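# Descriptive analysis of the structure
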Amino acid sequence: MVIIEPVIFKKFPSVMAGISTKIGNNTNNYGFNLSFSVGDDEEEVKRNREKFSKYFGYSFTQVAFQKQIHSNIVKRVTSPGFQGESDAMITNKPNLPLVVSIADCTPILLYSPKQNVIAVVHSGWKGTHQEIIKRVIEILKIDFATLPNDLYGYIGPSISPKNYEVGKEFEKYFDKKYLRKKNDEKYLLNVKEKIVDDLIESGVDIDKFQISELCTYDISYLHSYRRDKAISGRMLGFIVIKN
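## Details of the overall build of the protein chain
Counting secondary structure elements, the protein chain contains five helices and 15 strands. Relative to a compact globule of 243 residues, whose C-alpha radius of gyration would be 18 Å, the protein chain shows 17 Å and is just as compact. Among the 243 residues that make up the protein chain, the fraction classed as buried is 55%. A total accessible area of about 10700 Å² is found for the protein chain, and carbon and sulfur atoms account for 48% of it. On the protein chain, the mean spot of the 34 positive side-chain charges and the mean spot of the 29 negative ones are 2 Å from each other.

Encoded structure:
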């Protein structure tokens, strides 16, 4: 099993974080898959989830997870298990890992050492259009007294603009700054640049953020729905405050 560990959080002994990859103990076409929703064998997914969470010292029964629906819904989490439909979760509870599912959309992991609070965000094009990261930062400020400048973050592997082809209808969803024309009918969309701009507009210190350059579509050891379609598995991003 290979885990990508964000360097940005290494300076904080009270937090652990990582992103899974396709490399693990799975023996079928899905690779090391952590989702039940793609048609993989359920028992193997359970074993994979347990192996992944045990890497950080937890059982998956201790993990909080969500059904991602490409929204700007944010949940405040106080217990493990299924949290319903949302695309971001926040907690200040120690030993309560949060996970976010990944297969091209942009995952964001957040941590405030001052308030000891963490968040995970799933920011696909719809969530990015709805500025979900701004909503997360506002909730962190109101509910957890976390100022934007207190935050450290990791913007994880996702599909790169050169591989993210979209139609002309995206002109009504995104400023042309984020759309590079490919031909008369298609654009290439830069979701990550929009997320970074939203973070800066929200008042974060972007120098406290690590931005992954890994493209899920290009890199064979990462899951990509656009590349692999029906045999695409899912990775998980993981973050926890240690007690």
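Resuming the write-up.
## Notes on the layout of surface pockets
Within this model, the largest pocket holds a volume of roughly 880 Å³. In this structure, the largest pocket is lined by 42 residues; those nearest its centre are Q68, S101, I102, A103 and H122. Elements represented by at least two residues in the lining of the largest pocket include exactly β3 (64–67), β7 (98–102), β9 (117–123), α4 (191–202) and α5 (225–228). Top contributing element to the lining of the largest pocket by residue count: β7, with four residues. Here the residues of the lining of the largest pocket sort into 21 nonpolar, 14 polar and seven charged.

## Examining the pattern of salt bridges
One pass over the full model with this rule turns up 17 salt bridges. For E43, the salt bridge goes to K46, with nearest N and O atoms at 3.4 Å. In this pair, E43 and K46 both sit in helix α1 (residues 42–55), three residues apart, roughly one turn of the helix. Among the ionic pairs, E138 bridges to K141, the shortest N-O distance being 3.8 Å. Pair noted here: E138 and K141 are both in helix α3 (residues 132–144), with a separation of three residues, about one helical turn. Residue class for E138 comes out partly exposed when judged on its relative accessible area of 37%. Taking relative accessible area as the criterion, K141 reaches 35% and is therefore assigned partly exposed. Via salt bridges that share partners, E131, K134, K194, D198 and E201 belong to a single interconnected network.

## Quick notes on the sheet that holds strand β12 (residues 179–181)
Sheet strands pair via backbone hydrogen bonds, and the direction of the pair is either parallel or antiparallel. With antiparallel pairing, the three strands of this open sheet are ordered in space as β11-β13-β12. At either end of the open sheet lies a strand with only one pairing partner, and these are β11 (165–167) and β12. Within this sheet the neighbouring strands show an average axis-to-axis angle of 45°, counted without direction. Two strands pair when backbone bridges link them, and β12 and strand β13 (residues 186–189) are joined in this way by three bridges, in the antiparallel orientation. The residue bridging K181 from the neighbouring strand is Y187, located in β13.

## Notes on the side chain of T216
Along the chain, T216 turns up in the loop between β14 (209–211) and α5. Of note is the side chain of T216, whose polar atom sits 2.6 Å from the side chain of D104. What T216 contacts, discounting residues up to four positions off in sequence, is D104, P157, S158, I159, L222, H223, S224, R227 and M235.

## Comments concerning the pairing of strand β10 (residues 152–155)
Burial of the side chains of β10 extends over both faces: Y152 and Y154 are buried on one face and G153 and I155 on the other. In this sheet, β10 lies alongside strand β8 (residues 106–112) in antiparallel orientation, the contact comprising four bridges. Its bridge partner being in β10, L109 is matched across the sheet by Y154.

## Remarks on the packing of α3 against α4
Remark: α3 packs on α4, axes separated minimally by 9 Å, with the N-to-C direction vectors making an angle of 30°. By the angle class used here, α3 and α4 are roughly parallel. In the crossing of α3 with α4, the sense of the turn from one axis to the other is right-handed. Taking contact as the criterion, the partners of I133, K134 and I137 in α3 are, on α4, I195, D198, L199, E201 and S202. Taken together, the residues of the contact of α3 with α4 break down into four nonpolar, one polar and three charged.

## A look at the sheet that holds β9
In space, the six strands of this open sheet follow the order β4-β6-β9-β8-β10-β14, with mixed pairing throughout. Each edge of the sheet is formed by a strand with only one pairing partner; in this case those strands are β4 (74–76) and β14. Between one strand and the next, the sheet's axes are offset by a mean angle of 10°, whatever the strand orientation. Summarising the sheet, β8 and β9 pair through seven bridges and their orientation is antiparallel. Looking at β9, one finds that Y111 is bridged to I118. Across the sheet, α3 lies against β4, β6 (88–91), β8 and β9, angled at about 160° from β9, the strand it touches most.

Parameters at a glance
- Residues numbered from 1 in each chain as written.
- Predicted model: local features only at pLDDT ≥ 70, side-chain atom pairs only at ≥ 80, totals over all residues.
- Heavy atoms only, no water.
- Helix = DSSP H or I, 4+ residues; strand = E, 2+ residues; numbered from the N terminus.
- Rg over C-alpha atoms; globule rule 2.2 N^0.38 Å.
- Buried < 20%, exposed > 50% of the residue type's maximum accessible area, 1.4 Å probe, protein only.
- Areas by Shrake-Rupley, 256 points an atom, 1.4 Å probe, with all protein chains shown as cover.
- Lys, Arg positive; Asp, Glu negative; His and termini not counted.
- Charge placed at Lys NZ, Arg CZ, Asp CG, Glu CD.
- 1 Å grid on protein atoms, 1.4 Å probe; cavity = no way out; pocket = protein on both sides within 12 Å on 5 of 7 lines; lining within 4 Å.
- Points joined across faces, edges and corners; volume = space filled by probe spheres on them.
- Nonpolar A, V, L, I, M, F, W, Y, C, P; charged D, E, K, R; others polar.
- Salt bridge = Lys/Arg side-chain N within 4 Å of Asp/Glu carboxyl O.
- Pairing = 2+ DSSP bridges.
- Axes fitted to C-alpha atoms, helices over the stretch in contact; angles between N-to-C directions.
- Polar contact = N/O pair within 3.5 Å; in protein donor to acceptor, adjacent residues only side chain to side chain.
- Contact = heavy atoms within 4.5 Å.
- Parallel < 35°, antiparallel > 145°, perpendicular 65-115°, else oblique.
- Left-handed = near helix turned anticlockwise from the far one by under 90°.

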